[in-house]
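# Examination of the molecular architecture
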2 protein chains.
Amino acid sequence: MKAEIITIGDEILIGQIVDTNSAWLGRILNKEGIDVLHIQSISDDKQSIKDAVELAFSRAELVLMTGGLGPTQDDITRETLLEYFDDELEMNEEVLAHLEQIFHKRGRKMLDINRGQALVPKKCEVLFNIQGTAPAMLFKHNGKWLASMPGVPYEMKHIVSNELLPKVRANFKLEEIKHRTITTYGVPESLLAKKIELFVDMLPSSIRPAYLPNLNIVRFRLSGRGGNTIEQELDEHMQRIVNYLGHNVVLSQKDETPAEHLMGLLKEKNLKVTMAESCTGGYVAHQLTCLPGASAVFKGSLVAYDYDVKTTELGVPEDVLLKTGAVSQETVEFMCTKVREKYNSDIGIGISGIAGPDGGTDDKPVGTVYVGVSDGTNTNVQCYHFHGERIKIIQRTSNAAYNMARKLVLGIS
Amino acid sequence: MKAEIITIGDEILIGQIVDTNSAWLGRILNKEGIDVLHIQSISDDKQSIKDAVELAFSRAELVLMTGGLGPTQDDITRETLLEYFDDELEMNEEVLAHLEQIFHKRGRKMLDINRGQALVPKKCEVLFNIQGTAPAMLFKHNGKWLASMPGVPYEMKHIVSNELLPKVRANFKLEEIKHRTITTYGVPESLLAKKIELFVDMLPSSIRPAYLPNLNIVRFRLSGRGGNTIEQELDEHMQRIVNYLGHNVVLSQKDETPAEHLMGLLKEKNLKVTMAESCTGGYVAHQLTCLPGASAVFKGSLVAYDYDVKTTELGVPEDVLLKTGAVSQETVEFMCTKVREKYNSDIGIGISGIAGPDGGTDDKPVGTVYVGVSDGTNTNVQCYHFHGERIKIIQRTSNAAYNMARKLVLGIS
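Only a predicted model underlies this, so the values are computations on that prediction, with no experimental measurement involved. (Residues numbered from 1 in each chain as written. Chains lettered and ligands numbered in written order. Predicted model: local features only at pLDDT ≥ 70, side-chain atom pairs only at ≥ 80, totals over all residues. Heavy atoms only, no water.)

The next thing to look at is the overall build of chain A. Helices and strands together make up the secondary structure of chain A, namely 16 helices and 17 strands. Seen through its principal axes, chain A has C-alpha atoms that stretch 75 × 60 × 40 Å. Looking at chain A residue by residue over its 413 residues, the buried ones come to 59%. Within chain A, contacts between residues separated by at least 24 positions form 66% of all contacts whose residues are at least 6 apart in sequence. Accessible surface computed for chain A: about 16600 Å², of which carbon and sulfur atoms make up 47%. With 45 positive and 54 negative side-chain charges, chain A shows a spacing of 4 Å between the two charge centroids. (Helix = DSSP H or I, 4+ residues; strand = E, 2+ residues; numbered from the N terminus. Buried < 20%, exposed > 50% of the residue type's maximum accessible area, 1.4 Å probe, protein only. Contact = heavy atoms within 4.5 Å. Areas by Shrake-Rupley, 256 points an atom, 1.4 Å probe, with all protein chains shown as cover. Lys, Arg positive; Asp, Glu negative; His and termini not counted. Charge placed at Lys NZ, Arg CZ, Asp CG, Glu CD.)

Right under this line is the structure:
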């Protein structure tokens, strides 16, 4: 089954927001065995919407649209679909009751523009939006389906998972695509490809490889569709590659972030981590705390941005800071060992560097970052020279820190 | 001038990565007065690429493609364009010298697949990629331009800014679109629209409004194109709306995040902020520290995730924690006042809440968050009930905290 995604909104085209809906939809549909072959992002413009629908119907059986269903004047999707399907509006009492309840619960007075959201096209099936005010609409047209949903991500996700997919599963025969993805650290894409060339050349035509490089990490994926044996085939091929690369290169045998992987490791070994962050400014802690269940492995982090905080809170000696600087082997060694003790944890991570754009020197240019990890017995500090803009340096540093912590926990030197 | 963006890669369609390139391109092109009317995301597949190019050429003068230029087997863009333009490859000595230099600098041996990246189509102009190994290509075809660039964001950005745009500016006549955007907090989209309905109805047809809601924030934008007077017209219309809404609702008169806005305010008033974060786990600090120059206004943050850390590091009394719980008015009051003193800053922010998915109770369901701000004289704590998934609750909390800090600094109660 082929699907196509259409996201509507000038804010996407002028880059005021990043379209994360498509990625989420792509992931969910792929898991169901539905191939997304095209994503179109288009303007809040009637003709553009009609053209996009026409094109999508010409190459997909399931069309998912998001956006343009709000109550305000710039929201024209419903009106346009009404014209496209030659339909008319009617009041949906169930939706109206839901709207009244929402407004009552929020203690807000219901306006005419809000009430107008309960008007739905006669030909559509309403996909109930319990999280928000705009109902989603499912049109069936010459055996093909089009679902129009609000662009607000959590509303859209809830509608797809709870309203749309059960109907799709019940009406179409789906065959899942299977993937195996590993996450590697520190080997550039071309070098990785060269390393595993022989394994990749041996893949059957039913299995497709892909390299996804990002921030010193390359995810390597094998994908295939082919009945009962495909899962086993994928496992076997991937296992050979993992064995060959080894755990120094293979950060994880899953598609997960370095923080996710470390969390799993720490849970398994019942260890807790803390960190002292300077240039990463809370990002490293956030990578862990955005994951449900982080409290099982994480006690806290000290974002020691200021010189003062480094001395008073972490006890980095003034003379060390003066002699070697805040961005140095010595300072970071202090940071990781001290935060580990102070916050009473098993693993301590320390980070100090120059994220830029200012602050670089000839000696220590922007991108110079020291990362230290300690378990009380072993302490390892490394100096990195990252490139790219500020946020990329922060993100690369976070990946490096989690990879170093992983290797410390696993005893890989 | 109309442009179209084509992003190539199965990883986009299956949602393994979020396409941030398009948003960046949209923003940059819009600023230049180039309208992006369509974005297509397509598969690493020859026919899909050719069809997408054909479609793009039928509706745009400038086509920007990203992706599929890496050295590995799944990268087929160059080969496909070669067929599309009926062209052949030749070795580009300048690119080859650049590649040799990169590999030399990184201390890596150059492989045949790397050397192959210096082969470029004869008909194209090379857009030099000083940040990476894959050269970008500019094809001119029936008066229209197509640029094919690598998908690695920082490489693509550098090529567009330094290689492509200067050529576009020199060859096409561009008229900028002007925007004015304000950022409002705490008023839902429909209510905001109702509030400013009269102002919006009075807009001339040359000015277009848009509402962009996200995480308790609604950005409101006016856009217009129309010679010399448009800037002044936009300013006048927006100013009337700002005056009417007031600074309680208008968080910023620019398109900026709450953290960016607070940073500006603090710089202006020469104040420093610190925070004690529990459920946001470093995210609030990160929102500030991802901005260049944050060190001027930020001293540090204490991510007090664990019970222990709250008592030993922040001195929240055990009996307060026992009596009222870690998620309470009393605890957060301690957190914001103590971190302010301890880290010797002007403004302290304290946050404790239940981000979920676990940890909720009947009394304090998931989404219950206390945020406190203090300047030593005034301390303000508020309880919020946010909805949505874990990361959304964290992000909503961050927006609330920065808005509360803004109001404290401005003396708005």
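Examined at the domain level, chain A breaks down into domain 1 (2–171), domain 2 (178–252) and domain 3 (258–410). The gap between the C-alpha centroids of domain 1 of chain A and domain 3 of chain A is 44 Å. (Domains from an automatic or database assignment.)

The subject of this paragraph is the interface of chain B and chain A. Of the residues lining the interface, 89 residues belong to chain B; the matching set on chain A comes to 90 residues. Note on chain B versus chain A: buried area summed over both sides is about 7200 Å², and carbon and sulfur give 55% of it. In this structure, the connection of chain B to chain A is made through eight salt bridges. One salt bridge in this structure joins Asp-10 of chain B and Arg-208 of chain A, with 3.1 Å as the shortest N-O distance. Linking chain B with chain A are 43 residue pairs in polar contact (both at pLDDT 80 or more). A per-class count over the side of chain B that touches chain A returns 39 nonpolar, 25 polar and 25 charged. As judged from the five bridges shared by strand β14 (residues 298–304) of chain A and strand β14 (residues 298–304) of chain B, these two strands associate in the antiparallel manner. The residue bridging Ser-301 of chain A from the neighbouring strand is Val-303 of chain B, located in β14 of chain B. (Buried area = accessible area lost by both parts, 1.4 Å probe. Salt bridge = Lys/Arg side-chain N within 4 Å of Asp/Glu carboxyl O. Polar contact = N/O pair within 3.5 Å; in protein donor to acceptor, adjacent residues only side chain to side chain. Nonpolar A, V, L, I, M, F, W, Y, C, P; charged D, E, K, R; others polar. Pairing = 2+ DSSP bridges.)

Across soluble globular proteins, you tend to see nonpolar side chains buried next to one another. Counting residues in each nonpolar core, the largest one holds 78 residues, and the members touching the most others are Met-275, Leu-288 and Phe-298 of chain A together with Met-275, Leu-288 and Phe-298 of chain B. Setting aside residues up to four positions removed in sequence, Phe-298 of chain A forms contacts with Val-273, Met-275, Ala-285, Leu-288 and Thr-289 of chain A together with Val-303 and Tyr-305 of chain B. Of all hydrophobic cores here, the second largest spans 32 residues; its members include Val-309 of chain A together with Ala-304, Leu-321 and Val-327 of chain B. (Core = buried A, V, L, I, M, F, W, Y, C linked by side-chain atoms within 4.5 Å.)

All names here are of chain B. With respect to topology, four strands assemble into an open sheet ordered β10-β11-β9-β12, the strand pairing being antiparallel. Two strands close off the open sheet at either side, each with one partner strand: β10 (207–214) and β12 (250–252). Looking at each pair of strands side by side, their axes are set apart by 30° on average, direction ignored. The sheet contacts of helix α16 (residues 390–410) involve β9 (178–185), β10, β11 (217–224) and β12, and relative to β9 the element is tilted by about 90°. (Axes fitted to C-alpha atoms, helices over the stretch in contact; angles between N-to-C directions.)

Residue and element names in this part refer to chain A. As enumerated under the stated definition, the model contains 18 aromatic pairs over all chains in all. Ring geometry for Phe-57 versus Phe-85: centroids 6.5 Å apart, planes at 70°, classification edge-to-face. You can see Phe-57 sitting in helix α3 (residues 46–59) and its partner Phe-85 sitting in the loop between α4 (77–84) and β4 (89–91), a full 28 residues away along the chain. With respect to burial, Phe-57 and Phe-85 carry one shared label: buried. Ring geometry for Phe-85 and Phe-139: centres 4.4 Å apart, planes at 15°, overall stacked. (Phe/Tyr/Trp six-rings, centres within 6.5 Å; stacked < 30°, edge-to-face > 60°.)

Looking now at helix α15 (residues 329–342) of chain A. With 14 residues, α15 of chain A extends 20 Å between its outermost C-alpha atoms, agreeing within 8% with the 20 Å of an ideal straight helix rising 1.5 Å per residue. After α15 of chain A finishes, the residue Asn-344 of chain A shows a positive phi value of roughly 55°. (Expected span 1.5 Å × (residues − 1).)

In this section: the pairing of β9 of chain B. Residue and element names in this part refer to chain B. Taking burial as the measure, the eight residues of β9 include seven buried ones, the bulk of the element. Where β9 meets β11, eight bridges bridge the pair, whose relative direction is antiparallel. The residue bridging Thr-181 from the neighbouring strand is Arg-221, located in β11.

All right, on to the relation of the copies chain B and chain A then. Mapping chain B onto chain A leaves a residual RMSD of 0.1 Å; the transformation is a rotation of 180° accompanied by 0.1 Å of translation along its axis. Here the symmetry operator amounts to a two-fold rotation axis. With an isologous cut-off of 70% or more, the 100% of interface residues of chain B that recur at the interface of chain A puts this contact in the isologous class. (Least-squares fit on C-alpha atoms with pLDDT ≥ 70 in both.)

A complete count under the given rule lists 38 salt bridges over all chains for this structure. A salt bridge links Lys-299 of chain B to Asp-308 of chain A, with the nearest nitrogen and oxygen atoms 3.4 Å apart. Placement of Lys-299 of chain B in strand β14 and of Asp-308 of chain A in helix α13 (residues 307–314) is noted, with the two residues assigned to different chains. In this structure Lys-299 of chain B comes out as buried when scored by relative accessible area, which is 6%. Residue Asp-308 of chain A is classed as partly exposed on the basis of its relative accessible area of 36%. Put simply, Lys-342 of chain B and Glu-313 of chain A hold a salt bridge, and the shortest N to O gap is 3.3 Å. With Lys-342 of chain B in helix α15 (residues 329–342) and Glu-313 of chain A in helix α13, the pair connects residues from two separate chains. A cluster of three or more residues bridged by salt bridges with shared partners is formed by Lys-46, Lys-50, Glu-79 and Glu-83 of chain A.

What follows covers the pairing of β14 of chain A. Residue and element names in this part refer to chain A. For β14, the buried fraction is high: seven of the seven residues fall into the buried class. Two elements, strand β13 (residues 273–277) and β14, share five bridges in a ladder whose sense is parallel. In the strand pairing of β14, Glu-277 is matched with Val-303.

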